[in-house]
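An overview of the molecular structure
Residue-level listing of the chains:
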Amino acid sequence: MLRVHEGPSLLAWIKDGPSLSAHRARFGELPTWPRAQLLRMAEPIVGRGGAGFPLARKLAAVANAKRLVVVVNWSEGEPGSHKDAALARVRPHLVLDGAELIAQAWRTDKIHLVLPSEQPKVVESVRAAVAERPRSERYRLHFADDRFVAGQARAVLELMGGRPNLPVTAWQPEAYSGHRNRPTLLSNAETWAQLAMHVLRPDAERSTLLTFGGESNEPEVSEARTSSRWSSVLPTEWLDDPAKPVLLGGYHGQWTTVGRLASLPVEHSAMRAAGIPLGAGVVLDLPHGECPMTMTARITNYLAEQSAGRCGPCFNGLPALAAAMSALAAGDRHQRARVEELCGLVVGRGACAHPDGTARLVRSLLTVFPVEVAGHALGQCRTELTDEGKVGVA
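What you see is a predicted model, and the numbers here were worked out from it, not measured in a lab. (Residues numbered from 1 in each chain as written. Predicted model: local features only at pLDDT ≥ 70, side-chain atom pairs only at ≥ 80, totals over all residues. Heavy atoms only, no water.)

1. Describing the environment of Gln152
Mapping Gln152 onto the fold places it in the loop between strand S4 (139-144) and helix H7 (153-160). Given a relative accessible area of 23%, Gln152 falls into the partly exposed group. Between the alpha carbons of Gln152 and Glu76 there is a distance of 9.1 Å; along the sequence they are 76 residues apart. In this view, Gln152 contacts Pro167 and Cys352; residues no more than four positions away in its chain are not counted. Polar side-chain contacts of Gln152 include one of 2.9 Å to the backbone nitrogen of Arg154. (Helix = DSSP H or I, 4+ residues; strand = E, 2+ residues; numbered from the N terminus. Buried < 20%, exposed > 50% of the residue type's maximum accessible area, 1.4 Å probe, protein only. Contact = heavy atoms within 4.5 Å. Polar contact = N/O pair within 3.5 Å; in protein donor to acceptor, adjacent residues only side chain to side chain.)

2. What about the layout of surface pockets?
Of the volumes computed, that of the second largest pocket is approximately 360 Å³. Put simply, the parts of the chain that give the lining of the second largest pocket at least two residues each are strand S7 (220-225) and strand S10 (282-284). A per-element tally of the lining of the second largest pocket places S7 first, with four residues. Residue composition of the lining of the second largest pocket, grouped by class: nine nonpolar, five polar and six charged. (1 Å grid on protein atoms, 1.4 Å probe; cavity = no way out; pocket = protein on both sides within 12 Å on 5 of 7 lines; lining within 4 Å. Points joined across faces, edges and corners; volume = space filled by probe spheres on them. Nonpolar A, V, L, I, M, F, W, Y, C, P; charged D, E, K, R; others polar.)

3. Some details on the nonpolar core
Core analysis: the biggest nonpolar cluster contains 56 residues, and Trp74, Ile102, Trp106, Leu113 and Trp192 have the highest contact counts within it. Sequence-distant contacts of Leu113, defined by excluding residues within four places in its chain, comprise Val72, Trp74, Leu96, Val126, Val130, Tyr139, Arg140, Leu141 and His142. By size, the runner-up hydrophobic cluster in this structure holds 38 residues, among which are Leu166, Tyr251, Cys291 and Leu328. (Core = buried A, V, L, I, M, F, W, Y, C linked by side-chain atoms within 4.5 Å.)

4. A short note on H7
Side chains of residues three or four places apart in an α-helix project in the same direction, reflecting 3.6 residues per turn. By the criterion of burial, H7 is predominantly enclosed, with eight of the eight residues buried. Along H7, the residues that are buried comprise Ala153, Arg154, Ala155, Val156, Leu157, Glu158, Leu159 and Met160. Each element contacted by the buried residues of H7 is listed here: strand S2 (69-73), strand S3 (111-116), S4 and strand S5 (184-188). Sitting at the head of H7, Gln152 places a side-chain oxygen 2.9 Å from the backbone nitrogen of Arg154.

5. Notes on the confidence of the model for the chain
Taken over all residues, the pLDDT of the chain has a mean of 91, while the share at 70 or more is 95%. This model gives residues 385-394 a pLDDT under 50, and the stretch forms 24 contacts once residues within four places in sequence are excluded. (pLDDT = per-residue confidence, 0-100.)

6. Some remarks on the packing of aromatic side chains
Enumeration according to the criterion identifies six aromatic pairs in this entry. Taking 5.9 Å as the distance between ring centres and 70° as the angle between the ring planes, the aromatic pair formed by Trp13 and Phe27 counts as edge-to-face. One end of the pair, Trp13, is in the loop between strand S1 (3-4) and helix H1 (20-27); the other, Phe27, is in helix H1, and 14 residues separate them in sequence. Arranged with centres 5.4 Å apart and planes meeting at 85°, the rings of Tyr251 and Tyr302 form a pair that is edge-to-face. Taken together, the positions of Tyr251 in the loop between strand S8 (245-248) and strand S9 (254-257) and Tyr302 in helix H11 (residues 292-306) put the pair 51 residues apart, joining distant regions of the chain. Here a set of aromatic residues connected by ring pairs shows up, and it is made of Phe148, Tyr251 and Tyr302. Here the guanidinium or amino end of Lys244 rests over the ring plane of Trp238, the centre of that ring lying 5.2 Å away. (Phe/Tyr/Trp six-rings, centres within 6.5 Å; stacked < 30°, edge-to-face > 60°. Lys NZ or Arg CZ within 6 Å of the ring centre and 35° of its normal.)

7. Re the packing of helix H12 (residues 312-329) against helix H13 (residues 335-346)
Here H12 crosses H13 at 155°, and the two axes come no closer than 9 Å. In terms of their interaxial angle, H12 and H13 are classed as roughly antiparallel. For the pair H12 and H13, the crossing hand works out as left-handed. From H12, Pro313, Gly317, Ala320, Leu321, Ala324, Met325, Ala327 and Leu328 reach across to H13, where they touch Gln335, Arg336, Arg338, Val339, Leu342, Cys343 and Val346. Along the lines of polarity and charge, the residues of the contact of H12 with H13 split into 11 nonpolar, two polar and two charged. (Axes fitted to C-alpha atoms, helices over the stretch in contact; angles between N-to-C directions. Parallel < 35°, antiparallel > 145°, perpendicular 65-115°, else oblique. Left-handed = near helix turned anticlockwise from the far one by under 90°.)

8. Quick look at empty space enclosed by the protein
In the structure shown here, the tally under the stated rule is two cavities of 30 Å³ or more. Quantified by volume, the largest cavity comes out at close to 70 Å³. Looking at the lining of the largest cavity, the elements that each hand over two or more residues are H1 and helix H5 (92-105). When the residues that make up the lining of the largest cavity are grouped by side-chain class, the tally is seven nonpolar, four polar and three charged. Approximately 40 Å³ is the volume attributed to the second largest cavity.

Here it is in structure tokens:
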């Protein structure tokens, strides 16, 4: 069961409920702003979909666009992320307000909502929110497949075009040639909510959403101030173990440790500068019985199975990388060089960033936990979970 904790901005007053009347009582009526003003307001906003692409750059690319297509990507294919699902459940109208602001300024007739077909509660919440809107007929709902790559931008556009919900090679960004070759502004739900918050509450504290326990049956979504440090955000018991492994950013994220995270601010640009991008805001702990090696091997196998299989890096490279990772985790020391070779071969050659994200995960393991990797190459696991959940050296 998903748990959503009240926060300072996006998740403030969630006990009031998700209705449009409660939303308007707290945030007021939606203003109509010109394009130039929205461009200025969007300058501090970093996209929350994983890539961290600045929203203002997307808006600048479509500044003079005619017949702009507006897309809210609610599909969230990342298994460890539940923040967009949380917004659908508790704050759907903030997301829809963000899309409405752009639709009004660009005089766009329709707003496309891409929803996760495997999450009926999300679909139900969004449908209910749309039904409350004054111009509900302008919304078009699409239902993404239950697949990791289904939320990738080009996969979403393929779905909207009536084709298989899989990535394809694109020669131009969707801002220039997107749905039906029209300029398209596509962002995930939290990014749209952030835009609405900047407009409706410009004095609100800046924040970002985080998912903890995303692989468990009880994931939790919380909101962290970007001015805060990780030491005030991470579970208190984690701080007692600076060597504790943390996978930050989800399955396409990077390994790090509590000790390295603790003093950093929970802010996208600062995290990127530190070499640990926040990505989709997913904070993953080691499941019981796994170490960083076995968890990485498991995720790599999953990512290989979830690929579109339409280009060489996905069709051949990722299955080979998954096999090499599994063999290395099982004690085949000869696979270390093979893993490094395959990481280099798949990067920058796919139709989408799926191979790149998979290689990033594996490379971070090799860099951050060399002792663990060396131990598995000798048929040993150098780290093990103690009864208290800490990681000790075997």
